[in-house]
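Chain by chain, the residues run as shown.
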Amino acid sequence: MGLYRALHDGWTVTHQGRPVPAEVPGCVHTDLLAAGLIDDPYLDDNELGQEWIGRTDWVYETTFDWSPSELPRTDLVCDGLDTVATLTLNGAELGRTANMHRGYRFDAGRHLTEGANTLQISFTSAKNHAEQERDRLGDRPNAYPEPFNFIRKMACSFGWDWGPTLITAGIWRPIGLHTWGAGRLASVRPLVTVTPGGDGRIELHIEVERASADPLVLTASVAGVRVAQTLNPDEGTAVLTLDVPQPALWWPHSLGDQPLHPVDVALTTAGGTSLDEWHRRVGFRDARLDTTDNAFTLVVNDVPVFARGVNWIPDDALVTRITRARLATRLREAAEANIDTIRVWGGGLYESDDFYELCDELGLLVLQDFPFACAAYPEEAPHAAEVEAEARENVVRLASHPSLIAWTGNNENIWGWHDWDWQPALGDRTWGAGYYFGLLPGIVAELDPTRPYWPGSPWSGSHDVHPNEPSRGTTHIWDVWNQVDYTHYRSYAPRFVAEFGFQAPPAFATLRRAISDEPLTPDSPGIAHHQKAGDGNLKLRRGLDAHLPAPGDFDDWHFLTQVNQARAIALGVEHFRSLRPYCMGTVVWQLNDCWPVTSWAAIDGDGRRKPLWHALKHSYADRLLTIQPRDGVPTLIVVNDGPTPWSGPVSLGRRALTGEHLASAAASFDVPPRSAASVPLPAEVVTPGDAAAELLVASADGASRALWFFAEDKDITYPIPGYDSEVTETEYGYDVTVTARTVLRDLTIFPDRLDPGASVDSALVTLLPGEITTFQVRTDSPLDAARLTARPVLRCVNDVREAYAP
């Protein structure tokens, strides 16, 4: 059996000529931070003083002992080097790298000596290298003034409109020595399919690297099925087929269970001596993309899926700090919010094995972008060769994961070429079209024909139609947020929305940890630095002005901007879901953040849930009542994404804000699984007598409810909030029960203002007079009951001072 020895100990990185202890896997920023040589780049504006790190060359070095083995080969295996590196072992050059997105293997045996050995990895400044490539090949347009498109490195290392500029370097994934004998498993590529009759098949495409001419034996097994094949001395590849009768199928969690089956592959000598092994888990499922009549519909096991999705960015700008436990927390939070689809955005990474394994277990569908974003990319050498190498490696690496549902060529680059004035600047220079329409689809078709490929996000499906045409393929909606009010979402009838979003600041505890401004204001220096979007705060204010009362202080601003974000995205999601089956997916920008920042995320950079997370949980529920204006008239839409029919009566009422019943009616609905239906509403409940003092209520099943306010909050004369509260200690913290004496609009508790570690189970609860709700506050700390039930911890829209009635 081959031997693997991790080389993660004893590393240093040079800083101004002296060695500093280095963590491997890791990066130079985290090493300098651990040594106390830089301040935390996530705090205040410390980021600005650390540009020099990305301009500096760095040398990592370790010494290790080695003893010769009877096995003939020893390779240095580097799963990830960031990015431009030269590797030397005992002074001899092993090789060079220039791609963060792939691994490397170097023959180290001839340079190893018995006893002490010195391994050195010299990293050239990624920014300097990218600028040299830009100067060599000619500049190309991109969305940000950084040369990220001239190097195969995580693009958002160079900054984004939600992220810091922290251009990392280092050994970012495991590194070690692999000593092996007669042969090793160079590549195992499982193609998993399901026949129309429900039987499973795995075709294992195996490549073997040999160090001898002896016959070798491959065996493979899954679910009690075992096959074996002998490789003759001149053979280095094989296809082993495993047929599994009627396996339990893998489904997204919104449709079923996630059975996973261990697959084991072994390489032995003819005499049975073990040489190498490969182990993965697979799920049997069929995946295809239905583009009939210009649609874009994910189909799993012949069931069309309305994708209830979010976009994913790297969960930390310093990506080596992302652990499996952290990923598990974040992805579980997605599933808990009724999200079933994760789009891995093209300015980030091919994520870790942990990420896809967790998505397999949680039943989350993954739409995977190849890592190209918002720029024209050169296709000249050596860039094309690097792109091909990384694509081949990662398509094979991820082939076993049932969660991976489709590959996409890039993020917004085809759209950029059409609409962002790239063509005059480019002239006849390459921009990436050869990748998205040639190289990448060819690799997917060759290596993983079980999954669909789509050239870009957005993409209409045709060169003859604008790439961001909503009525075809996938679309991104960014005039909302950038130019127009969020109610403009209702002017769209898209087939599949792959990006749309609205900003809000992070949780208060996150702001206070990251920003030392006294006092905090919307435009104080730290708040301004942690707002990376152009005119971001002006757009936040424009959104508030259209809908909500003017904030009286920072606490009001913080609360109202978070409410407005949640309302904007809920409006968009519910409108698009109401268009099912014409529209078959919404992928919100974005689930997560990579540092503490005002952004479009539902979960902030410290892992705290914004109100948006709670809004997504409601708006993405299997069963949803939503009131939508159809031809200007409020209409009830019943959305049923569950597996069984939903039918029953619905109670309708027009109510005064005082709670008085002004008009009532009853209706019924019968909605098949995975569909939506309209319920016309009687004129007496949709026609207000006083729009500023009334609302429409629709309820079904005793739990599902939709509200429609006839006027914007800024135009509503709310009463001063009146309520009774009771705080009860529990094993997890506290129950806070609120009984409304007046209407309470979007009632929310922010326990992180009292304990940064506290959280709450729900938010944005609107109560009418006499209604009761209980919030579960989780905390390990004692909290003051009076503070827990008063401003600024307990909030509702009608407690904003400017909203008080005379």
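That block above? That's the structure.
As the structure is a computational prediction, the values presented were derived from the model and not from experiment.

Attention now moves to the state of the cysteines. Scanning the entire structure with this criterion turns up zero disulfides. This cysteine, Cys156, is not joined by any disulfide, and Cys594 carries the nearest cysteine sulfur, 6.1 Å off. Relative accessible area serves as the criterion here: at 7%, Cys156 is assigned to the buried category.

Our focus in this paragraph is the packing of aromatic side chains. If you walk through the whole model with that rule in mind, you get 37 aromatic pairs. Between Phe296 and Phe496, the aromatic rings sit 4.8 Å apart at their centres with planes inclined by 65 degrees, giving edge-to-face as the arrangement. A residue pair is termed long-range when its members are at least 10 positions apart, and Phe296 in the loop between β22 (287–290) and β23 (297–300) and Phe496 in the loop between α10 (479–482) and β31 (497–500) qualify at 200 residues. Phe496 shares its class with Phe296; the two are buried. A ring pair is formed by Tyr489 and Phe576, whose centres lie 6.0 Å apart and whose planes are at 70 degrees; its orientation type is edge-to-face. With a gap of 87 residues between them, Tyr489 in the loop between α10 and β31 and Phe576 in helix α14 (residues 554–578) connect regions that are remote in the sequence. Considered together, Tyr489 and Phe576 belong to a single accessibility category, that of buried residues. Through pairs of rings, three or more aromatic residues link up here, namely Tyr144, Phe148, Trp160, Trp162, Trp345 and Trp589. The ring of Trp613 carries Arg609 above its face, with NZ or CZ at 3.8 Å from the centroid. When the ring centre of Phe709 is taken as reference, the NZ or CZ atom of Arg745 above it lies at 3.7 Å.

Let's shift gears to the side chain of Glu133. Looking at the secondary structure, you find Glu133 in helix α3 (residues 126–137). Residue classification places Glu133 among the buried residues on the basis of a relative accessible area of 11%. Excluding residues within four positions of it along the chain, Glu133 makes contact with Gly138, Phe150, Pro382 and His383.

At a closest axis distance of 10 Å, the pairing of helix α13 (residues 536–547) and α14 adopts a crossing angle of 80 degrees. Between α13 and α14, the angle is such that the two are roughly perpendicular. Along the contact surface, α13 presents Asn537, Leu540, Gly543, Leu544 and His547, while α14 presents Trp557, Leu560, Thr561 and Asn564. Tallied by class, the residues present in the contact of α13 with α14 amount to four nonpolar, five polar and no charged.

The strand order β36-β35-β38-β39 describes an open sheet built from four strands, whose pairing is antiparallel. On the outer flanks of this sheet lie β36 (661–671) and β39 (704–709), each paired with one strand and no other. The mean angle between the axes of side-by-side strands here comes to 15 degrees, regardless of whether they run parallel or antiparallel. Sheet analysis places strand β35 (residues 646–656) next to β36, joined by 10 bridges and oriented antiparallel. Residue pairing in the sheet places Gly648 in a bridge with Phe669 of β36.

Reading the values: rules and limits
Residues numbered from 1 in each chain as written. Predicted model: local features only at pLDDT ≥ 70, side-chain atom pairs only at ≥ 80, totals over all residues. Heavy atoms only, no water. Disulfide = S-S within 2.5 Å. Buried < 20%, exposed > 50% of the residue type's maximum accessible area, 1.4 Å probe, protein only. Phe/Tyr/Trp six-rings, centres within 6.5 Å; stacked < 30°, edge-to-face > 60°. Helix = DSSP H or I, 4+ residues; strand = E, 2+ residues; numbered from the N terminus. Lys NZ or Arg CZ within 6 Å of the ring centre and 35° of its normal. Contact = heavy atoms within 4.5 Å. Axes fitted to C-alpha atoms, helices over the stretch in contact; angles between N-to-C directions. Parallel < 35°, antiparallel > 145°, perpendicular 65-115°, else oblique. Nonpolar A, V, L, I, M, F, W, Y, C, P; charged D, E, K, R; others polar. Pairing = 2+ DSSP bridges.

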